[in-house]
Amino acid sequence: MALVALVALPYVLAARCGVDSCTDAVLATLAQDLTANYKGFSSCESRINWVKRNTGRDEEESCEKVAEEFPEECGACHPFQSPPPPQTSPSPSPPPPPSPPP
């Protein structure tokens, strides 16, 4: 009789669309298509899944298409777009030079 040992390995989810910025919150965001026959709201995730199923595109290509069509809602799932640079506050203007004496 053989003894089998089961080892539990940690389960790690790969980032959706290959980017960490494509979070569950972004995937759940609703985006409205005003140009198509169907003018309803669908989540970013639903749109990505629809593109994959209906166009033969892979995950990254589907994410890219949806992110480009809905940049405000789904743009964080764009696999080939670099993240925006960090926001910095503008430097204060230097003080004006002193006025010459009268």
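Given the structure is predicted, the values throughout are model-derived calculations rather than measurements.

For the chain, mean pLDDT is 80; residues scoring 70 or higher make up 71% of the total. Across the chain, helix 2 (residues 44–55) holds the top mean pLDDT of 96, while strand 1 (residues 30–32) sits lowest at 91.

Before going further, it helps to examine the pattern of salt bridges. Using the criterion set out here, one finds four salt bridges in the structure. A salt bridge links Arg16 to Glu45, with the shortest nitrogen-to-oxygen separation between them at 3.1 Å. Within this pair, whereas Arg16 is found in the segment before helix 1 (24–28), its partner Glu45 is found in helix 2, the two being separated by 29 residues in sequence. Note that Glu69 and Lys65 form a salt bridge whose closest N and O atoms lie 2.4 Å from each other.

What follows concerns the state of the cysteines. Inspection of every chain in the model, using the stated rule, returns three disulfides. The disulfide bridge from Cys17 ends at Cys63, spanning 1.8 Å between sulfur atoms. Judged by the sign of its S-S torsion, about -70°, the bond between Cys17 and Cys63 is left-handed. Highlighted residues: Cys17 in the segment before helix 1 and Cys63 in helix 3 (residues 59–69), separated in sequence by 46 residues.

Moving on, we come to the environment of Gly18. Here Gly18 lies in the segment before helix 1. Of the residues examined, Gly18 reaches a relative accessible area of 56% and is grouped as exposed. Through-space distance from the C-alpha of Gly18 to that of Cys77 is 8.1 Å; in sequence the pair is 59 residues apart.

One finds Cys17, Cys22, Ile48, Val66, Cys74 and Cys77 to be the most contacted residues of the largest nonpolar core, which totals 14 residues. Listing elements by their share of this core, those giving two or more residues are helix 1, helix 2 and helix 3. Those residues in contact with Ile48 that sit more than four places away from it in its chain are Arg16, Cys17, Leu27, Ser62, Cys63, Val66 and Cys77.

Calculation rules
- Residues numbered from 1 in each chain as written.
- Predicted model: local features only at pLDDT ≥ 70, side-chain atom pairs only at ≥ 80, totals over all residues.
- Heavy atoms only, no water.
- pLDDT = per-residue confidence, 0-100.
- Helix = DSSP H or I, 4+ residues; strand = E, 2+ residues; numbered from the N terminus.
- Salt bridge = Lys/Arg side-chain N within 4 Å of Asp/Glu carboxyl O.
- Disulfide = S-S within 2.5 Å.
- Buried < 20%, exposed > 50% of the residue type's maximum accessible area, 1.4 Å probe, protein only.
- Core = buried A, V, L, I, M, F, W, Y, C linked by side-chain atoms within 4.5 Å.
- Contact = heavy atoms within 4.5 Å.

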